[in-house]
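# Report on the structure
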Amino acid sequence: MIVKLNLAKVNKNKNFNIGNGSRIAVIGGGPAGSFFAYFALGFAEQRGINIHIDIYEAKNFHVAGPAGCNRCGGIVSESLIQALSSDGIVLPANVVRRGIESYKLHMEQGATLIETPLKDQKIASMFRGFGPLGSENIDSVSFDNYLLELCQDKGVHTIYEKVSGLERNETGITVQTKTNSANYDLVVGSVGLNPRSFSLFKKVAPAFIPPETTRTYICEFKLGNELINQYFGNSMHVFLLNLKNIKFGALIPKGQYVTLVLLGKQITGEIVDSFLYSEAVQRCFPKGLDIDKIMPCQCFPGINIKNAHYAYSDRVVLIGDSASSKLYKNGIGAAYITAKAAAKTALFSGVSESDFKRHYQPECTRLNRDNAIGKFIFWVTTIIQRSSALKKGIFRMVVNEQQKVNDKRRMSSVLWDTFTGSAPYTDILRRVLHPATILLLLANTVNGIFKKPEKGTE
Ligand SMILES: Cc1cc2nc3c(=O)[nH]c(=O)nc-3n(C[C@H](O)[C@H](O)[C@H](O)COP(=O)(O)OP(=O)(O)OC[C@H]3O[C@@H](n4cnc5c(N)ncnc54)[C@H](O)[C@@H]3O)c2cc1C
């Protein structure tokens, strides 16, 4: 009898397959965690097996303010909206706070409106949590909560507790919280950029090297529907200003609020002020409005600037921000890609280190390579930000493109995809390097130097 039991243990040890009755713990119920659970259950159904999934989540997405929010600009790119809908996830009206149809590009030279390249497609703005501090809109649902409930409807069990320990044992991995502990065949790390949670994963995946981050800035302005319609409409406002450390600034309308996102290098309060009180930004708000008084929420969250290494081990895989994200843009899209790839590997190949290395790592490598191109694009953007002649050239080119109905709108589509994250950086670079784009930019830059300034569409 004893011999039989031991043999069973050994066999189970070597069994790195997910089968009938397998138990999976997903640590973190942000988009990556929910996407993983959603796809894992779908793939299990395809295989005709029953699996049990627990999602552990430390936050309550029904609470307004930082306690219930996974801090983010809240833009869902059109490419992600399409991918989600083909997977059966259609964002409902109470999750989408505004459909963004255009963006307004602001430079020191002026501002111009850029329409979405494909007119019937919009990008969506949403809140990751219930909303900024003081939010009372009970009819709206947070994006993260919507995804979690989608998983719950499919049978996922949610445990609203913080995971405090992970321990490898002979038959799997034990997940510990303050009140409970349970054993699983696979543990999925979708803990965002939480350093404490990374240290838990180091215990069960010792080779794991967490991603590197830099400090960004987000704040919300409560303007009310009327002023938002009047001053922002269905446009995201993007700023390419020559300001220290700032790569990109955006004002995104959402319901009663406008969200400010500042990306760059170690953003501080001083850098935020240099942006907020610049002429281009002040022009966007009603004259005389004290913006400090309508700011219920602000934070300085980290963002990935270098992806993780070895984000897997036997029975362990990390996904989303915890593994590979997309530089500065469409992190939710990257969470979708990594979550789906990890779920596919676990359900169709296995959960050993070599399974993840062979079938999951290539998706992360693809994202990492694209980010290397993204780094180059943002380096070029920084040079453009500092050069008034190049900025004038781009400005003229975009204004001219927007005035022609059937134009290819080369620069407009490059800028749209760079700012919204709708296309891979590799694809954007290919379009930038097209001889026609370079020639048109050169012509517009030379014209900009010698001719009268182009008037924006403002
Ligand atoms: C300033 C800024 C603006 C951004 N704007 C956009 C944007 O407009 N569009 C876009 O697509 N992306 C944007 N991103 C990126 C996006 O926010 C992330 O890529 C995305 O949230 C990653 O999802 P995730 O599920 O991997 O991690 P997260 O969303 O961070 O979720 C991790 C979850 O894990 C939980 N957790 C962590 N540790 C534990 C634990 N021990 N126990 C239980 N639960 C735990 C947390 O509570 C959290 O809910 C932005 C990021 C920043 C910083």
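Just so it is clear, the model here is predicted, and its values are computed rather than measured.

On the basis of which strands lie adjacent, the open sheet formed by seven strands has the order β6-β5-β15-β16-β17-β14-β18 and mixed pairing. With partners counted over all chains shown, the strands left at the sheet margins are β6 (110-115) and β18 (297-299), one partner each. Strand after strand, the sheet turns through a mean of 15° between neighbouring axes, direction not considered. With six bridges joining them, strand β5 (residues 102-107) and β6 adopt antiparallel strand pairing. From the neighbouring strand, Tyr-103 faces β6, where its bridge partner is Ile-114.

Every buried residue of helix α5 (residues 195-204) is listed here: Ser-197, Phe-198, Leu-200, Phe-201 and Val-204. Projected down its long axis, α5 carries its buried residues within an arc of 155°, all on one side. Along α5, exposed side chains directed more than 90 degrees from the buried face belong to Pro-195, Arg-196 and Lys-203. Against the buried residues of α5 lie β1 (23-27), β9 (165-168), β10 (173-176), β12 (186-189), β20 (312-313) and β21 (316-318). For α5, the side-chain oxygen to backbone nitrogen distance between the N-cap and Arg-196 is 3.0 Å, and the N-cap itself is Asn-194.

Before going further, it helps to spend a moment on the nonpolar core. Counting 75 residues, the largest nonpolar core has Phe-36, Leu-186, Phe-201 and Tyr-360 as its most contacted members. Residue contributions to this core peak at 10 residues, all from helix α2 (residues 31-47). Ignoring anything within four residues of it in the chain, the contact list for Tyr-360 reads Ala-311, Tyr-312, Val-317, Leu-318, Ile-319, Ala-323, Thr-338, Ala-341, Ala-342, Thr-345 and Asp-355.

Regions of empty space are outlined by a rolling probe, equal in size to a water molecule, passed over the atoms. There is about 500 Å³ of room inside the second largest pocket. Val-380, Ile-384, Met-411, Val-432 and Leu-441 are, among the 23 residues lining the second largest pocket, the residues nearest its centre. Mapped by element, the contributors of at least two residues to the lining of the second largest pocket are α10 (353-386), α11 (388-403), α12 (410-420), α13 (425-432) and α14 (435-450). In terms of residue count, α10 provides more of the lining of the second largest pocket than any other element does, six residues in total. Among the residues making up the lining of the second largest pocket, the classes are represented as 19 nonpolar, four polar and no charged.

Turning our attention to the pairing of β5. Within β5, six of the six residues are buried, which leaves the element mostly enclosed by the surrounding structure. On β5, burial covers both faces: Ser-102, Lys-104 and His-106 on one face and Tyr-103, Leu-105 and Met-107 on the other are all buried. The hairpin formed by β5 and β6 contains two residues between the paired strands. Strand direction decides the pairing type here: β5 and strand β15 (residues 235-239), joined by five bridges, are parallel. Its bridge partner being in β15, Lys-104 is matched across the sheet by His-237.

With that settled, consider the domain arrangement of the protein. Parsing the protein into structural domains produces domain 1 (2-71 + 142-211 + 305-374), domain 2 (217-300) and domain 3 (384-450). Distance from the C-alpha centre of domain 2 to the C-alpha centre of domain 3: 24 Å. If you look at the interface, domain 2 gives eight residues, while domain 3 gives five residues. Both faces considered, domain 2 and domain 3 share a buried interface measuring about 630 Å² in area, 61% of it formed by carbon and sulfur atoms.

Calculation rules
Residues numbered from 1 in each chain as written. Predicted model: local features only at pLDDT ≥ 70, side-chain atom pairs only at ≥ 80, totals over all residues. Heavy atoms only, no water. Pairing = 2+ DSSP bridges. Helix = DSSP H or I, 4+ residues; strand = E, 2+ residues; numbered from the N terminus. Axes fitted to C-alpha atoms, helices over the stretch in contact; angles between N-to-C directions. Buried < 20%, exposed > 50% of the residue type's maximum accessible area, 1.4 Å probe, protein only. Arc of directions from axis to C-beta. Contact = heavy atoms within 4.5 Å. Polar contact = N/O pair within 3.5 Å; in protein donor to acceptor, adjacent residues only side chain to side chain. Core = buried A, V, L, I, M, F, W, Y, C linked by side-chain atoms within 4.5 Å. 1 Å grid on protein atoms, 1.4 Å probe; cavity = no way out; pocket = protein on both sides within 12 Å on 5 of 7 lines; lining within 4 Å. Points joined across faces, edges and corners; volume = space filled by probe spheres on them. Nonpolar A, V, L, I, M, F, W, Y, C, P; charged D, E, K, R; others polar. Domains from an automatic or database assignment. Buried area = accessible area lost by both parts, 1.4 Å probe.

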